[in-house]
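If you want the building blocks of each chain, they are given just below.
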Amino acid sequence: MIPPFEIHGRLGSGRTGIVYAAKAPDGRWSAVRVIHPEHADDPGFRQRFSRLVQATGHIRARSLSPVLSGGPNAARPWIATAYHAGPSLAEQVQTRGPLPEARVRVLAAGMAEALAAIHAAGGAHHDLKPSNVILSPDGPKVVDYGIAQALDGPSSPPETATPWTAPELLRGRGGPESDVFAWGALVVYAATGTPPFGTGPAEHVSYRLLHEEPDLRGLPDHLWNMVGRALAKDPWERSRASDLVRALTATGPGTAPATPEERADAVAALAERDWAPFPDTVRVGPSTPAEAPPRTRAEAPGTEPDPFPERRGHRGRRRGRTGWVLGAAAGALLLVSAVGGLVLLTGGGENGATAVTTDDALTFGLLYPQNGALAAPHLPVAAQYAIDEINTAGGVLGAPVPDVHTADEGDASEGQQVQAEAAAVEGAQRLLADGAHVVLGPTHSALATHTAVTGKRTVQCAQENLDSTADIDDGGYYFSSRPGVAFLAQALGRTIADNGHGSVAILMDESRSLYADALAASLDGHGVSYTYLLHDGITTGAATIAGDAAAVEADAFAVLSSVMGPELVQALARTGGETVPPIYLDHSHLYDPAALPDGVTGVARNDDGGQGFRQELAALGADAGDLRHAPYVFDCVTVAALAAQAAGSTDPAVFVEHMARVTRDGTACEDFASCRDMLAEGEEISYRGASGRFAWDGSGSRTFGVFEVSVATSGTYETRVLELEASG
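No experiment lies behind these values; they were computed from the predicted model shown.

Chemist: If you had to explain the overall build of the protein chain to someone new, which residues and values would you point to?
Modeler: Tallying secondary structure elements over the protein chain gives 21 helices and 24 strands in all. In the protein chain, buried positions account for 57% of the 728 residues. The contacts in the protein chain between residues at least 6 apart in sequence include a share of 67% that link residues at least 24 apart. In the structure as shown, the protein chain presents an accessible area of about 27,500 Å², 48% of it carried by carbon and sulfur atoms.

Chemist: A description of the sheet that holds strand β21 (residues 685–689) should follow, citing residues and the corresponding values.
Modeler: As summarised here, the arrangement of the three strands in space is β20-β21-β22, forming an open sheet in which the pairing is mixed. On the outer flanks of this sheet lie β20 (667–669) and β22 (692–693), each paired with one strand and no other. Bridge count for β21 against β22 is two bridges, and the pairing is antiparallel. Directly across from G689, in β22, lies its bridge partner G692.

Chemist: Which residues make up a negative patch on the surface, and what are the values?
Modeler: Together, D388, E389, D403, E616, E670 and D671 give the surface a local cluster of negative charge. Here D388 lies in helix α11 (residues 378–392). Taking the relative accessible area as the measure of exposure, D388 reaches 38% and is therefore partly exposed.

Chemist: Before we move on, can you summarise the nonpolar core with the specific residues and values?
Modeler: L89, L107, W183, V187, L219 and V227 are the most contacted members of the largest nonpolar core, which totals 57 residues. Sorting the residues of this core by element identifies α3 (89–96), α4 (101–120), β6 (133–136), α6 (176–192), α7 (202–211), α8 (221–230), α9 (241–249) and α10 (260–274) as the ones contributing at least two each. It is α4 that contributes the most residues to this core, 12 residues altogether. In this structure L219 touches V187, V188, A191, T192, W224 and V227, once residues within four positions along its chain are discounted.

Chemist: For the packing of aromatic side chains, give the residues involved together with the corresponding values.
Modeler: One pair of aromatic rings is described through two measures. These are the centre distance and the angle between the planes. For the structure on display, the rule yields nine aromatic pairs. A centroid spacing of 5.6 Å and a plane angle of 20 degrees characterise the contact between F45 and F49, whose relative ring orientation is stacked. Taken together, the residues span about one helical turn, with F45 and F49 both in helix α2 (residues 43–56) at a distance of four residues. A residue is classified by how much of its surface remains accessible, and F45, at 2% relative accessible area, is buried.

Chemist: Report on unusual backbone geometry, specifying residues and quantitative values.
Modeler: Excluding glycine, most residues fall at negative phi; most peptide bonds, likewise, are trans. Here the bond from G441 into P442 is cis, since omega is 10 degrees, no more than 30 degrees from zero. Positive phi is not limited to glycine here, since H126 has a value of about 80 degrees. Relative to the helices and strands, H126 is located in the loop between α4 and β6. Backbone geometry places R457, a non-glycine residue, at a positive phi of 55 degrees.

Chemist: Run through the side chain of D243, naming residues and quoting values.
Modeler: Within the element layout of this structure, D243 appears in helix α9. Owing to a relative accessible area of 3%, D243 belongs among the buried residues under this scheme.

Chemist: Help me get a handle on the environment of V453, residues and values and all.
Modeler: With respect to the helices and strands, the residue V453 is situated in helix α13 (residues 446–454). A residue is classified by how much of its surface remains accessible, and V453, at 0% relative accessible area, is buried. Spatially, the C-alpha atoms of V453 and H437 are 9.8 Å apart, while their sequence positions differ by 16 residues.

Chemist: Can you tell me about the sheet that holds strand β19 (residues 601–605), naming the residues and giving the values?
Modeler: Read across the open sheet, the seven strands follow the order β16-β15-β17-β18-β19-β23-β24; overall the sheet is mixed. Here the strands that pair on one side only, and so sit at the sheet edges, are β16 (529–534) and β24 (716–725). When strand polarity is set aside, the average angle formed by the axes of neighbouring strands in this sheet is 25 degrees. Bridge analysis of strand β18 (residues 583–585) against β19 gives two bridges, and the strand direction is parallel. When the bridges of β19 are listed, Y584 appears paired with T601. Across the face of the sheet, helix α14 (residues 485–498) comes into contact with β15 (503–508), β17 (556–560), β18, β19, β23 (704–713) and β24 while running at roughly 110 degrees to β24.

Chemist: Please provide a residue-by-residue account of helix α16 (residues 542–550), values included.
Modeler: What α16 keeps buried is the set A542, I545, A546 and A549. Each buried residue of α16 lies within a common arc of 95 degrees when the element is viewed along its axis, so the set occupies one face.

Cut-offs and rules
- Residues numbered from 1 in each chain as written.
- Predicted model: local features only at pLDDT ≥ 70, side-chain atom pairs only at ≥ 80, totals over all residues.
- Heavy atoms only, no water.
- Helix = DSSP H or I, 4+ residues; strand = E, 2+ residues; numbered from the N terminus.
- Buried < 20%, exposed > 50% of the residue type's maximum accessible area, 1.4 Å probe, protein only.
- Contact = heavy atoms within 4.5 Å.
- Areas by Shrake-Rupley, 256 points an atom, 1.4 Å probe, with all protein chains shown as cover.
- Pairing = 2+ DSSP bridges.
- Patch = residues over 30% accessible without salt bridge, like charges linked within 9 Å, V, L, I, M, F, W, Y side chains within 5 Å.
- Salt bridge = Lys/Arg side-chain N within 4 Å of Asp/Glu carboxyl O.
- Lys, Arg positive; Asp, Glu negative; His and termini not counted.
- Charge placed at Lys NZ, Arg CZ, Asp CG, Glu CD.
- Core = buried A, V, L, I, M, F, W, Y, C linked by side-chain atoms within 4.5 Å.
- Phe/Tyr/Trp six-rings, centres within 6.5 Å; stacked < 30°, edge-to-face > 60°.
- Axes fitted to C-alpha atoms, helices over the stretch in contact; angles between N-to-C directions.
- Arc of directions from axis to C-beta.

Distances and angles like these do not, on their own, reveal function.
Written as structure tokens, this is what we have:
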């Protein structure tokens, strides 16, 4: 007995412990893992395991085996999860070969739904592999979430590379994006019977993971695009798990699931249609006799079924990114999946897409938060201010620009992001219906709206940088008005180097791993050495992290943490005794200076423009206390108008080619009238706007940024401006 569970037999054994079949008081079958004594005697493991039990107990998804209970303080710690009858994916492929195409889609959707729930709770699975996916009678179930992290700690690289190991994990860093890589590898394995990077000795697999492209031959065509992105070397390019669920389960416009409940229902509907119990699968439940359920795991300690017993070599075929773009004949229905959104494109335009082709008056639509904590009533003021300046100068191509159309993007405050994404997509579609040639925004959820807007051959100018987030073909219609995360990391690296530090300890949780890599690249460029210290904010407390950091020989600390923020900064400050060590933050505007020790330095984007611009907006009725994103909206309107003027057309398909051109490699100009006059005289121009030098590269990313370097001083920030040109 392991109260309240009644043990009925042994299911198997692994690195962490022995797994038993047990019955809960309500008669449900459960899998109870009892930890091996050598781990139970390790205080560090016990602490991590205790936090794991607490953190995972509330996570629920249809395709995730839930944690029912745990005994982290028992002499032999244990954890109980729901039991699911059926073979593992490894056993199924080993004994019967690849899954049919319809089942592969259900498997892919189910695994993504489970990962989305884990990621939404701030965690990562860390050990998604064929033996950790059970093919139960009603659909796939992901098991053993977090066990590997409890055993090895959050910052430990894998002992050996496997075909499911993301490249960044081989360097000791990883997070939710690493799970998405494993998801892609498992989808290929399920569909073809062979991992996308082959098999063989670990060192050979490692090399292919780091340097070769995946082999996707045999994968169903409709999965190539999303699986290809999931297997990208750069974690920034991979889709989010929630977006994968949307792409796999949507049946038409407006049907993509937006909430966890909708995702579960969508996967259930897909499974009911295309999933049947696998041969030899036994349903186990309260009505089943009391003997232990059928064995579904390997019995030998430390072993598990070999998912590819023939050890077939890597097949060697490589495909570049261009091989992952779906094609379609004109006039056909095409469901286009992309990071953050779905849109059903119908016949009537090139490649089946309906395009704006008229030369009507240039029309702008603004997508912004109208209610809630992030409400930004100043943004329509900024957009209309730019339009009024254009019309005062005679309009675009001699025609006045209509007043800006507006729609609500929803409230993307913490805990409401999913609902906000759905609202943003609905708002974007409303603006398109209003005839917008250019969609401004949203301030958040650009990934969710991106496909709906650019898929209609409409220009989108928003605050988020998507170029390094997803490998998606936007046709060149998306432009980021705000410096991206990698650019912000460059600014922090420049600040650290300018202050004379020769070495830095980078303290990061998993949500900041991509920022940390960009910061490391910047520090490398300035000749500053660095050390990574990864924590997850769940299994490790602030005092422990600070103590570990203090043991590292470094001139300064860079705190990249969305989990504990000021708490970690305060703990670091205490390690220095009377003298607070130099501490840097990634986003100073996220922290209250009153909660920070003096001298802590943060770098943030200069989101509200210069003093003159702020005064002008305030005179028009905007709240001068918060004008964040206003200069970007103003500049997007002006640049789009100049691009249309230069192209001689308000058709986005024509003037989109001039969006970047009017921002670089020409004579500087600062307002629509003067820039337009220079264009009329045949001059190349370089627009300088409310947010500074407004330069874009060919992919629509900002190449020049204005940042604020803020130093905490007596409960406030002393701020200076840093202007920087992007490198790399």
